[in-house]
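# Summary of the model geometry
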Amino acid sequence: MEFCFKKCFSGRYLFLVALFFALFFISRNVSAATRTWDGEGATNNWSEAANWSGNVVPGSSDTVIFSASSTVSSTWDSAGPAQIITLNVQSNYSGNLTLARDVAVSGDWTFAGSGSLITQTSTLKFVSYFPQNFTAGPVNYYAIEMAKSSDYLNIQGQATTTNLIVSNSNISGINSGTLNVTGNVSITATSGGGGTGTININGSSDQTLSSAGWWLPNVTINKPSGILYLSGTIPVEKNWTWQSGVINPQTSTLKFVSYFPQNFTAGPVNYYNVTLEKSSVVSVVSNMNILNNLNILSGYLFQAGYNVQVNNAITVNQNGIWQNYSTSTSYVYVGSGGVTNNGFIDFNNGNSCTGANTVLIRSTSPGVMRSWSGSGTFRMQSIDVKDQGGAATIVVAQGTNSGNNGSNWTFDNNPLTYIYKSNLTSSVFDSQITGGASLNSIMFQSTGIGVTNLVKFQVASSNASSGPWLFVGPDGTNVTYYIPSYGGVDYVVSINPTQHNNKRYFRYKIFLETDTCRSISPKVRGVIINWGA
């Protein structure tokens, strides 16, 4: 039988689909009920109808309430419902609630009773397609499972569980609160996740964090004892913070995957692979030791004042940046796989290129030269280098050659100059001269700089307000610039009249440059264009 997407979603079929969902939600609301525990049965079991208002056992479409209407304790027994919509144990309920089976909610879970919630070895599953609120109470749950293609789980304050299970792909993560996990975190979901909440791994025994690709929110490692074993690929959308405990990384990969800034507090422990995959800035806020590879596929690794040791290979892809501006001593230890840079590596001492060479590049095996390769940009200023070689051409400005470096490393006493660039393109100006104007000069107002080539101009002109716009310098090409003569605060530059004669509309582009140390800051406060008929 043929089934065609286009046909199914024509107007007629789309109407039927919409009608189906409307009827589904209407029927769901009609059948939903509120069941209140009254404890009037012969047992304490959920499955006994006499224990409930209306003498009806709650079903999967019902909200369950425990209140002051009964102080009798309750057991959610195996014959009771597997799922309800919402559980609300109110503060005025003083009985105990015992879970004797795995249970699921498609709405909110609130335990605020003055009695105890006894979870035994049961699993609490969150199974909604919509946001769910979890008010855990002072309870140690045995297992919490996120088991549907749901929206975010919002934890009110803190919750504690022995085990956390994430079992379904394409689910959102933990959007608020802290989930303390004293046992294992088992993630078989291959996508989804994230959020602004926190998973706090704080058990005193050995624990395992295993993942198949679901993004974790903030992660804190705060173990008083025992070992945390990492397994699989572990993506983190927010911060990774080590506070205490031993980590055995096995052959895992810790991956930073956010589009927003992240902090990596690695701690005095080892990681096997570390990868940056998105466009975020990942700030290293402690020393970092990697047993195998560091891969900056995209995004920005910022290392300042801390040591980074990679025992095998460091790779910076085309969209990757590795920057170390360190005002205090900071080591980069390069392993046997060397460095391959097809992106941007930028190291300097963070002191406007004055003072000591605080960034030190070394080999993980002293005396053994490490290879640097790739077609990316190397910007090295005021650093100290030893035991480094390879094929990439690298110039170190105002740095120190501490020996055993390859001929591809060149040490220059002069600072790098004018390599940080920015530009600004003006809006379209109309001379309102029908036959076209003749541009005479351009003047910019600034503070006296005293250094040439920091501010440059190009001009474009056209007889149509939409262009085309070709920005050119004095010789009519896009590789030359109008460069002011410095000495005051108002700089006048004559424009070649042959390039922009009899044109009604015009624009300008300003190019600003500074040195690698950012010791010079050009500033343009205003621009004045002079033209005539």
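Right above here is the structure, for reference.
Description of the structure in this document. These numbers come from a predicted model, not from an experiment.

### Details of the overall build of the chain
- For the chain, the count of helices and strands is 2 helices and 47 strands.
- The buried share of the chain, reckoned over its 533 residues, is 47%.
- Within the chain, contacts between residues at least 6 apart in sequence are counted, and of these 40% link residues at least 24 apart.
- Element-wise, carbon and sulfur atoms account for 50% of the exposed surface of the chain, whose accessible area totals about 23000 Å².

### A word on the environment of Gly 193
- With respect to the helices and strands, the residue Gly 193 is situated in strand E17 (residues 192-193).
- A sequence separation of 27 residues divides Gly 193 from Val 166, and the C-alpha atoms of the two residues are 9.2 Å apart.
- Here Gly 193 is in contact with Tyr 152, Ile 171, Ser 172, Gly 173, Trp 214 and Trp 215, once residues within four sequence places are set aside.

### Here's the deal with the pattern of salt bridges
- Considering all chains together, one arrives at 4 salt bridges under this definition.
- A salt bridge links Asp 62 to Arg 35, with the shortest nitrogen-to-oxygen separation between them at 3.3 Å. Highlighted residues: Asp 62 in the loop between strand E1 (34-36) and strand E2 (63-66) and Arg 35 in strand E1, separated in sequence by 27 residues.
- Overall, Asp 62 belongs to the buried group, its relative accessible area being 5%.
- When the shortest N-O distance is used, the salt bridge between Arg 362 and Asp 384 registers 2.9 Å. In this pair, Arg 362 sits in strand E32 (residues 359-363) while Asp 384 sits in strand E35 (residues 383-385), placing the two residues 22 residues apart along the sequence.
- Arg 362 sits in the buried class, given a relative accessible area of 16%.

### Focus on the nonpolar core
- Counting residues in each nonpolar core, the largest one holds 87 residues, and the members touching the most others are Trp 109, Phe 134, Trp 240, Tyr 271, Trp 372 and Met 380.
- Sort the elements by how many residues they give to this core and strand E20 (residues 218-236) lands first, with 6 residues.
- Formed by 13 residues, the second largest nonpolar core is a distinct cluster that contains Val 455, Phe 457, Tyr 482 and Phe 506.

### As for the pairing of strand E11 (residues 132-135)
- Here E11 shows a clear split, with Gln 132 and Phe 134 buried on one side and none of Asn 133 and Thr 135 buried on the other.
- As paired strands, strand E8 (residues 109-111) and E11 are joined by 2 bridges and run parallel to one another. Looking across to E11, one finds that Trp 109 is bridged to Phe 134.
- Bridging between E11 and strand E13 (residues 153-166) involves 3 bridges; their strand directions are parallel. Across the sheet, Asn 133 pairs through a bridge with Asn 154, a residue of E13.

### What about the environment of Ile 187?
- Along the polypeptide, Ile 187 turns up in strand E16 (residues 185-187).
- Once the C-alpha coordinates of Ile 187 and Met 146 are considered, the two residues, 41 residues apart in sequence, prove to be 9.5 Å apart.
- Not counting residues within four places of it along the chain, the set of residues in contact with Ile 187 comprises Val 166, Ser 210, Ser 211, Ala 212, Trp 214 and Leu 216.

### A short note on the side chain of Gln 458
- Locating Gln 458 in the fold gives a position in strand E43 (residues 455-462).
- A distance of 3.0 Å separates a polar side-chain atom of Gln 458 from the backbone oxygen of Asn 478.

### Focus: the packing of aromatic side chains
- Tallied over the full model, the rule gives 23 aromatic pairs.
- Residues Phe 256 and Phe 264 carry aromatic rings whose centres are separated by 4.9 Å and whose planes lie at 55° to one another, so their mutual orientation is tilted.
- Phe 256 sits in the buried class, given a relative accessible area of 1%.
- Overall, Phe 264 belongs to the buried group, its relative accessible area being 1%.
- Judged by centre distance (5.3 Å) and plane angle (70°), the ring pair of Phe 264 and Tyr 271 falls under edge-to-face.

### What to know about the sheet that holds strand E9 (residues 117-118)
- Judged by pairing direction, the sheet is parallel, and its 3 strands sit side by side in the order E3-E6-E9 without closing on themselves. Each end of this open sheet is capped by a strand with a single partner; those strands are strand E3 (74-76) and E9.
- When E3 meets strand E6 (residues 97-99), the two strands line up parallel, connected through 3 bridges. Bridge pairing links Ser 74 to Leu 97 in E6.

Conventions used here
- Residues numbered from 1 in each chain as written.
- Predicted model: local features only at pLDDT ≥ 70, side-chain atom pairs only at ≥ 80, totals over all residues.
- Heavy atoms only, no water.
- Helix = DSSP H or I, 4+ residues; strand = E, 2+ residues; numbered from the N terminus.
- Buried < 20%, exposed > 50% of the residue type's maximum accessible area, 1.4 Å probe, protein only.
- Contact = heavy atoms within 4.5 Å.
- Areas by Shrake-Rupley, 256 points an atom, 1.4 Å probe, with all protein chains shown as cover.
- Salt bridge = Lys/Arg side-chain N within 4 Å of Asp/Glu carboxyl O.
- Core = buried A, V, L, I, M, F, W, Y, C linked by side-chain atoms within 4.5 Å.
- Pairing = 2+ DSSP bridges.
- Polar contact = N/O pair within 3.5 Å; in protein donor to acceptor, adjacent residues only side chain to side chain.
- Phe/Tyr/Trp six-rings, centres within 6.5 Å; stacked < 30°, edge-to-face > 60°.

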